[in-house]
Amino acid sequence: MALMEKFRKTDLYKSVFRHSYQDTQRNRALQIVDNVFLHLHPVRVPRHATNIGFTWGMGGITFLLFLVLTITGVILMFYYRPTAQYAYEDMKYLMNDVPFGPLMRNMHRWAAHAMVLTVMLHMFRVFLTGSYKPPRQFNWVVGVILLVLTLLLSFSGYLLPWDQLAIWAVTVGTNMARATPLLGHEGPFGAELGMRIDNDVRFVLLGGTEVAPPTLLRFYVGHCIFLPLIAVIFMAVHFWRVRKDGGISGPESKKNF
Amino acid sequence: MQQFLEIISKPDNIPIGLLLVGAIFFSWLAWTKARKNDLLDRPVEATMDDKVQVWPYLVRVEFLATIAVMAILVFWSVFLDAPLEEAANRALTPNPSKAPWYFLGLQELLVYFDPWIAGVVLPTLIIVGLMAVPYVDINPKGNGYYTFKERKFAILVYSFGFLVLWVSLIVLGTFMRGPGWNFFWPWERWDPHYVAVLTNVDLSEVLNIPTRLPDNSINPVAMIFGAVVVLGYYSIGPVYWILKRNTDLMQKLGLVRYAIVSFLLLTMGGVVIKIILRLAPTFLGMNPVKYVWVTPWFNI
Ligand code: HEM
């Protein structure tokens, strides 16, 4: 212990931890403010905001799952090549021969499903507490965009194993695009506007007339780079706005009650 | 029944079970809290407005939640493998082919609408409609606490959309749609050779107006009939406005907001009506209604 005390006095220690750990009001505040991750939070919040029965913790859990997905996803990328020739073989290899491969893939898949679930429940909570009302209207809109991005992330990832489940689920999902009014070759007024199977929105989405190797590459790049990047940007805005709009919503106790 | 259990326990369908349980649990939780608040003169949240320090009071909750979520996730991942089927093969179409579970409500809508509506227009309206919510709901009450009595209409509409239209259509689409997207009760086997005996009819045909003329072109009378029905339905919006425009609520809402809300609500109601037109007759042994309005360019 004496050694620890000595260590706490070194320049090295003090350069990392800027305040002592003694339980004082001031240190509790510094704990939040001096930490880049924790300073997402205010120093103090109304008590109901720490009550899990109020927020259900669903927004936070959604974010946690996103972090889990980022880490397990990067690990999966080490073992996966997005070409029709290798994708499925790489999956087999991952599931059978890579140490902890199945654990990483399973965690990635189940966290993805769970994130879709928690984002829906988060939205349900925000609705039921009326938290989209002024001044939080815009953050609700940002939230809807995050919901769409979450679904797109999950859907684009579904194709990557390149097995029967993957290509047919994505075939069914993207077939809708044929029927887009004006922009799809089978949609109302599509043919009249010169849409064909090889130039409509579905063609752009798939990189071809059916779910084929170019689709795999397209979905891979979207899944691993484009969509996560956009999602991170919108999450940054979302969290920033939670703070700027006055923190977690609550009844304006003095004014209204 | 055994097949139903097999489908329900497919690894990729577990989230649907969780969604069902979660939706019911959280509806119950929110309902209990709302009831309690509605009986008080200040909501419980308003009595908890003293400030507490984030370290440790919030951070410890986050920490515990993180541990719980990670434990569940690791447990789930150790004991249940993500599915990996046969290698992709374009020549082998599974029957039924299903989208991922969260899109199955939309896929189920394909039974009731043409793809341009089910797959494009309705999803777009859902997204746009959700984004519009904060701007069309001008009720200032119930901001930041659970309540039911102060915002009955908003809560009923949202819960209906989420619980009935979104969640239960997902359940229907996943668990009760077999080969050929035919309907099967949980205790029935999915028979790939099952052929539906009932033929679809159009609404006009129920009233003995044939949709098509003998030369197979569209019967103008049927087309006009369809137009009258659909446009007549949507005109409930404007008519209601004219009748009620001087009320307090409508004055506050304003024409633009009212137009958006009434259009979205009527569309939501229209989805329900088409589902009923399609499903109810089958249970009565009558022919299901397919289209309400047939034109050379689009069908509704
Ligand atoms: C990737 C998806 C999302 C993430 C990671 C996320 C994260 C969060 C977090 C951590 C909070 C703080 C409070 C809480 O945990 O409940 C929050 C609040 C909020 N979220 Fe989200 N969210 C997401 C999607 C959405 C969606 C889909 C909506 C609604 C359409 C939404 C609307 C809001 C609003 C309005 C608040 C403020 C609530 C209040 O002050 O009580 N978010 N979000």
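Cut-off values and rules
- Residues numbered from 1 in each chain as written.
- Chains lettered and ligands numbered in written order.
- Predicted model: local features only at pLDDT ≥ 70, side-chain atom pairs only at ≥ 80, totals over all residues.
- Heavy atoms only, no water.
- Helix = DSSP H or I, 4+ residues; strand = E, 2+ residues; numbered from the N terminus.
- Rg over C-alpha atoms; globule rule 2.2 N^0.38 Å.
- Donors = N, O, S within 2.8 Å, 3.2 Å for Na, K, Ca; no water.
- Tetrahedral: all angles 85-135°; square planar, octahedral: opposite > 155°, others 65-115°.
- Near = heavy atom within 4 Å.
- Polar contact = N/O pair within 3.5 Å; in protein donor to acceptor, adjacent residues only side chain to side chain.
- Nonpolar A, V, L, I, M, F, W, Y, C, P; charged D, E, K, R; others polar.
- Phe/Tyr/Trp six-rings, centres within 6.5 Å; stacked < 30°, edge-to-face > 60°.
- Buried < 20%, exposed > 50% of the residue type's maximum accessible area, 1.4 Å probe, protein only.
- Lys NZ or Arg CZ within 6 Å of the ring centre and 35° of its normal.
- Salt bridge = Lys/Arg side-chain N within 4 Å of Asp/Glu carboxyl O.

*Asks:* What am I meant to see in the overall build of chain A here?
*Replies:* Along its length, chain A carries twelve helices and one strand. In sequence order, the secondary structure elements of chain A are arranged as α-α-α-β-α-α-α-α-α-α-α-α-α. Its C-alpha radius of gyration of 24 Å places chain A more than 25% over the 18 Å reference for a compact globule of 257 residues. The principal-axis extent of the C-alpha atoms belonging to chain A is close to 75 × 55 × 30 Å.

*Asks:* Would you explain the coordination of the iron atom of the ligand in this entry?
*Replies:* Where a metal carries four tetrahedral donors, each ideal angle is 109.5 degrees; where it carries six octahedral donors, the ideal angles are 90 or 180 degrees. Residue and element names in this part refer to chain A. The iron atom of the ligand binds to the protein through His122 (NE2) and His238 (NE2), with metal-donor distances spanning 2.0 to 2.1 Å. Around the iron atom of the ligand sit six donor atoms, and with donor-metal-donor angles ranging over 86 to 180° the site reads as octahedral. With a gap of 116 residues between them, His122 in helix H7 (residues 101-128) and His238 in helix H11 (residues 213-244) connect regions that are remote in the sequence.

*Asks:* What is the right way to look at the site of the ligand in this model?
*Replies:* All names here are of chain A. Taken together, 26 residues form the shell around the ligand, and within it His122, Arg125, Gly143, His238 and Ser249 come nearest. At 2.8 Å from a nitrogen atom of the ligand is found a side-chain nitrogen or oxygen belonging to His122. Contacts to the ligand include Ser249, whose side-chain N or O atom sits 2.6 Å from an oxygen atom. Listed by contribution, the elements that provide at least two residues to the shell around the ligand are helix H5 (58-77), H7, helix H8 (137-159) and H11. Here the residues of the shell around the ligand sort into 13 nonpolar, eleven polar and two charged.

*Asks:* Can you walk me through the packing of aromatic side chains in this structure?
*Replies:* The relation between two aromatic rings is expressed through the spacing of the ring centres and the mutual angle of the planes. Scanning the model with the defined rule gives 34 aromatic pairs over all chains in all. Their ring planes at 75° and their centres at 5.4 Å tell us that B:Trp101 and B:Tyr102 sit as a pair that is edge-to-face. For B:Trp101, a relative accessible area of 3% corresponds to the buried category. When its relative accessible area of 0% is taken as the criterion, B:Tyr102 is described as buried. Grouped by ring-pair contacts, the aromatic residues A:Phe54, A:Trp56, A:Phe124, A:Phe127, A:Tyr132, A:Trp140, B:Phe25, B:Phe26, B:Trp28, B:Tyr146, B:Tyr158 and B:Phe162 constitute a single cluster. Over the ring of A:Trp168 we find B:Arg90; its NZ or CZ atom is 5.2 Å from the centre of that ring. Sitting over the face of the ring of B:Trp181, B:Lys98 holds its NZ or CZ atom 5.2 Å from the ring centroid.

*Asks:* Would you take a moment to explain the pattern of salt bridges for this structure?
*Replies:* Note that side chains of opposite charge can pair when their charged atoms are close. The full count for this structure, using the stated rule, is eleven salt bridges over all chains. Close ionic contact of A:Asp90 with A:Arg81 constitutes a salt bridge, the shortest N to O distance being 2.9 Å. Judged by relative accessible area, which is 40%, A:Arg81 ranks as partly exposed. Note that A:Lys133 and B:Asp137 form a salt bridge whose closest N and O atoms lie 3.6 Å from each other. Taken together, the residues A:Lys133 in the loop between H7 and H8 and B:Asp137 in the loop between helix H7 (115-136) and helix H8 (152-175) connect one chain to another. Side by side, A:Lys133 and B:Asp137 carry an identical accessibility label, which is buried.

By themselves, these are just geometric observations and shouldn't be taken as functional.
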